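# What the coordinates show
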Amino acid sequence: MKHRMIGTMVMLGVALSVAPAFAQDRVAELERKVDVLTEEIEKMRLGAVADTTAYAARLGFAPAASKVYAKGRGVSIGGYGEMLAERQDRERQDGTPSGGIERIDFLRAIVYVGHKFNDELLFNSELEWEHSGVRDEAEVSVDTGTGEGSAELTGEATLEFAYLDWSRRRSFGVRAGKLLTPVGLINEQHEPPVFNGARRSETERRIIPTTWSGNGVGVFGELENGLAYRAYVIEGLNAEHFDAANAIRGGRQAGSQSLLRHPAFVARLDWTSATGLLVGGSAFTGNAAQTGATFSPTVTLLEAHARYQRNGVDARGLFVRGTLNDASLLSDALGLIGSDRLGESFFGGYVEVAYDVAQQISAGARYGLAPYLRYEVNDTQEDVPGPGLEDPAQRHRILTAGLAFRPDPNVVVKLDREQRRDDARTGTSQWNAAVGYLF
C-alpha cells in the first residue's frame, strides 16, 4: 500500500509538472489557429480578387512584413518593390515656366528576412535599396560664403527595421531593436499594393516623416475587444536638421549612431470592428536637442486616423498636428531668417476613397480595378514666431485622382494625376505612374 501511495504521488507530481507545459502548448496552438482564421477573414474581406496568395497584415505591419508571424518555426523571406514614373507640367499654377521634368525611378527594392525561434520569440527585418542602390557618385553642393559643403548620394542602402519580439500571449509582448514609429496609416504599412496613389500621401511624407524608424524598446498587444496598442521609448529627433519646407523630416536619425541625449516616447491605440472599420490615434513627444542646446525644442505630434475596408470600398482619413517648442530660439541657433524660419506648429490631413469596380464589370473577376480620389491639405509653417515670415508656398492643397489595376492581390499598377496648389501660386501639377508588388 505504501509503494502504491508513493507511485500515485509520483504520477500526480509528474502530471502537475506537465500540465502547465501542455496548457502552454494548447494556447500556442489556439493562437496559430486564430492567425489562420485571421488570414481567411482577410481574404473574404478582399472579395473575389483574393486567393491563396493574399497575405494578412498582423500587429500593425503590412502583409509581406507580417509573414514571419504566420511561420511555424525557422526562416521567412518576403519583400516588396515599386517603380515610379513622373511627368511634371510645363507651367506652374501662376502660368510661369515650371522647369518640369520627366523621370522614371526604381524607387525601392525591399527584402524582408525573419526567423521564428519558437512560439514566443521571433526576429524580423527589412533591408532596403532605394533608387536602384548606391553608385560611386554624388551630387555635391558648396556654400560659397562659408565654404561648407554636402554630398547627396545617388541611392541608399538601409536597414529600415530590425527587431526581436517576445510574446507569450497575444495581449502582451515586448519588442526591441530598430522599430517603425507607429504613427499614421502608412509608416508601418508602406507596401505599394496596400496604399492608394502612385506616390505616398504628402501629409505622410512632410508632416509625418514616412518612412520613420529608430532604435528603441517597447510593448505591444492585441486585446479581445478589438483594441491593439503599441508603446515605445525610442531615439529622439535631431533638431539640427529641421527645415521650414519639411518640418521635422530631416531630424530622423534612422538608428545610425544616433544621439541619445534625449530619447522620445510614442504610443498608438487602434480599435478594429468586425465590419471592417478601424479607428485610432497616436502621440509622439521628445526633446530634439541632442547636442547640448540650452533650450528645449520639444516636438509633439498628435494624430488621428480612420479606415473602412469592405466589399470593395476602401475609405481613409487622417489628421495630424505637430508643435515645436522654442522654434524661434532654434531658428536663431540654425541661422534661419525670414521665410526660412521654423514653424512652432504644423499640420496636415487628407481624406480618400477607392472602390473596386471589377465585380461590376465582370462577375467573379479575379483582378481588381479601383478608381481612387484623395484630397489633402498640409502646412509646415502654420505659425512662425518672432521675426519670421510664413511662406505661403508651404501651404499645400493636393487633389489626386487615379486608377489602380490589380492582376493579383499582391501586384498593382497605378496611374494618377496630382493637381497641386499652394498659397503662393507656385504649385506644379504632375502625372504619375507606378508598378508595385509584394511577396
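Residues numbered from 1 in each chain as written. Predicted model: local features only at pLDDT ≥ 70, side-chain atom pairs only at ≥ 80, totals over all residues. Heavy atoms only, no water.

## Notes on the overall build of the protein chain
Going by this rule: Secondary structure elements follow DSSP: runs of H or I no shorter than four residues count as helices, runs of E no shorter than two count as strands, and numbering proceeds from the N terminus. Throughout, exposure labels follow a simple rule: accessible area from a 1.4 Å probe, protein chains only, divided by the maximum for the residue type, with under 20% read as buried, over 50% as exposed, and the rest as partly exposed. Here, two residues are considered to be in contact whenever any of their heavy atoms come within 4.5 Å of each other. The Shrake-Rupley method, run with a 1.4 Å probe, gives the accessible areas here. Residue values count only the displayed protein chains as cover.
From N to C terminus, the protein chain includes 4 helices and 18 strands. Across the 439 residues that make up the protein chain, the buried fraction comes to 45%. The long-range fraction of contacts in the protein chain, counting pairs at least 24 apart against all pairs at least 6 apart in sequence, stands at 62%. Carbon together with sulfur atoms contributes 60% to the accessible area of the protein chain, which is approximately 21,000 Å² in total.

## Examining the pairing of strand E3 (residues 121-130)
How we decide: Being paired, for any two strands, means DSSP has found at least two bridges between them.
Relative to E3, strand E2 (residues 102-116) runs antiparallel, the two sharing 9 bridges. Looking at the pairing, Tyr-112 lines up with Glu-126 of E3. Two successive antiparallel strands, E2 and E3, enclose a turn made up of 4 residues. Pairing of E3 with strand E6 (residues 156-169), which is carried by 10 bridges, proceeds in the antiparallel orientation. Bridge assignment links Leu-121 to a residue of E6, and that residue is Trp-166.

## Quick look at the pattern of salt bridges
Which entries qualify depends on this criterion: We define a salt bridge as a contact between a side-chain nitrogen of Lys or Arg and a carboxyl oxygen of Asp or Glu at a distance within 4 Å.
As enumerated under the stated definition, the model contains 29 salt bridges in all. The partner of Arg-417 in a salt bridge is Asp-89, with the nearest N and O atoms 2.8 Å apart. Taken together, the residues span a long stretch of sequence, with Arg-417 in strand E17 (residues 411-422) and Asp-89 in the loop between strand E1 (74-88) and E2 at a distance of 328 residues. Across the pair Asp-423 and Arg-397 runs a salt bridge, and its minimum N-O distance is 2.5 Å. Note that Asp-423 is positioned in the loop between E17 and strand E18 (430-438) and Arg-397 in strand E16 (residues 395-408), a separation of 26 residues in sequence. Under the relative-accessibility criterion, Asp-423 is labelled partly exposed at 42%. Take Arg-397: its relative accessible area is 26%, and that puts it in the partly exposed class. Overlapping salt bridges bring together Glu-86, Arg-103, Arg-199, Glu-202, Arg-205, Arg-206, Glu-418 and Arg-420 as one network.

## Topic: the side chain of Ser-201
On the secondary structure map, Ser-201 appears in the loop between strand E7 (172-180) and helix H2 (203-207). With residues up to four places along the chain from it excluded, the contact list for Ser-201 reads Ile-186, Tyr-350, Arg-374 and Glu-376.

## Looking at the nonpolar core
Stated formally: By convention a nonpolar core is built from buried Ala, Val, Leu, Ile, Met, Phe, Trp, Tyr and Cys residues, the set being connected through side-chain atoms within 4.5 Å.
If you look at the biggest cluster of nonpolar residues, it comprises 45 residues, and the most contacted ones within it are Leu-237, Phe-242, Phe-284, Val-299 and Leu-324. Tallying contributions element by element places strand E13 (residues 313-324) first for this core, with 3 residues.

## A short note on the pairing of E18
Going residue by residue along E18, you find Gln-430, Asn-432, Ala-434, Gly-436 and Leu-438 tucked away on one face and Trp-431, Ala-433, Val-435 and Tyr-437 left uncovered on the opposite face. Sheet topology places E1 next to E18; 9 bridges connect them, and they run antiparallel. Across the sheet, residue Leu-84 finds its bridge partner in E18, namely Ala-434. Where E17 lies against E18, 8 bridges are found, and the strand directions are antiparallel. Looking at the pairing, Val-412 lines up with Gly-436 of E18.

## Considering the confidence of the model for the protein chain
Formally: The quantity known as pLDDT measures the predictor's confidence residue by residue, on a range of 0 to 100.
Across the protein chain, the average pLDDT comes to 88, with 84% of residues at or above 70. For residues 1-25, every residue scores under 50 in pLDDT, and the model assigns this stretch 2 contacts once sequence neighbours within four places are set aside. Here residues 42-52 is a poorly scored stretch, pLDDT under 50, and it has 24 contacts once near neighbours within four places are set aside; other chains count.

## Observations concerning the environment of Glu-130
Residue position: Glu-130 is located in strand E3. Counting along the chain gives 23 residues from Glu-130 to Leu-107, while the straight-line C-alpha distance between them is 5.4 Å.

## A closer look at the packing of aromatic side chains
Operational definition: Between the rings of Phe, Tyr and Trp (Trp by its six-membered ring), a pair exists once the centres lie within 6.5 Å; its type follows the angle of the planes, with under 30 degrees stacked, over 60 edge-to-face, and the other angles tilted. Two limits define a charge over a ring: the Lys NZ or Arg CZ must be within 6 Å of the ring centre, and within 35 degrees of the ring normal.
A complete count under the given rule lists 10 aromatic pairs for this structure. An angle of 45° between the planes, with centres 5.6 Å apart, marks the rings of Phe-161 and Tyr-163 as tilted. Tyr-163 carries the same exposure label as Phe-161, and that label is buried. Here a set of aromatic residues connected by ring pairs shows up, and it is made of Phe-61, Tyr-69, Tyr-80, Tyr-112, Phe-161 and Tyr-163. Sitting over the face of the ring of Tyr-163, Arg-175 holds its NZ or CZ atom 5.1 Å from the ring centroid.

## Here's the deal with the side chain of Asp-314
Under the convention used in this document: Pairing of N or O atoms within 3.5 Å defines a polar contact, subject to two protein rules: one partner must be a possible hydrogen donor and the other a possible acceptor, and residues neighboring in sequence count only if both atoms are side-chain atoms.
Here Asp-314 lies in strand E13. At 2.9 Å, the side chain of Asp-314 and the side chain of Arg-316 are in polar contact. Leave out the neighbours within four places in its chain, and Asp-314 touches Asn-196, Arg-307, Tyr-308, Gln-309, Glu-352, Val-353 and Ala-354.

## Regarding helix H3 (residues 327-334)
Here is the rule we go by: The arc in question is the one spanned by the directions pointing from the helix axis to the C-beta atoms.
Three or more residues of H3 are buried, namely Ala-327, Leu-330 and Ser-331. Across the axial projection of H3, the buried residues extend over an arc of 100°, all falling on one side. Where H3 is buried, its residues touch E13. Note on H3: the residue one or two positions beyond its end, Gly-335, has a positive phi of about 75°.

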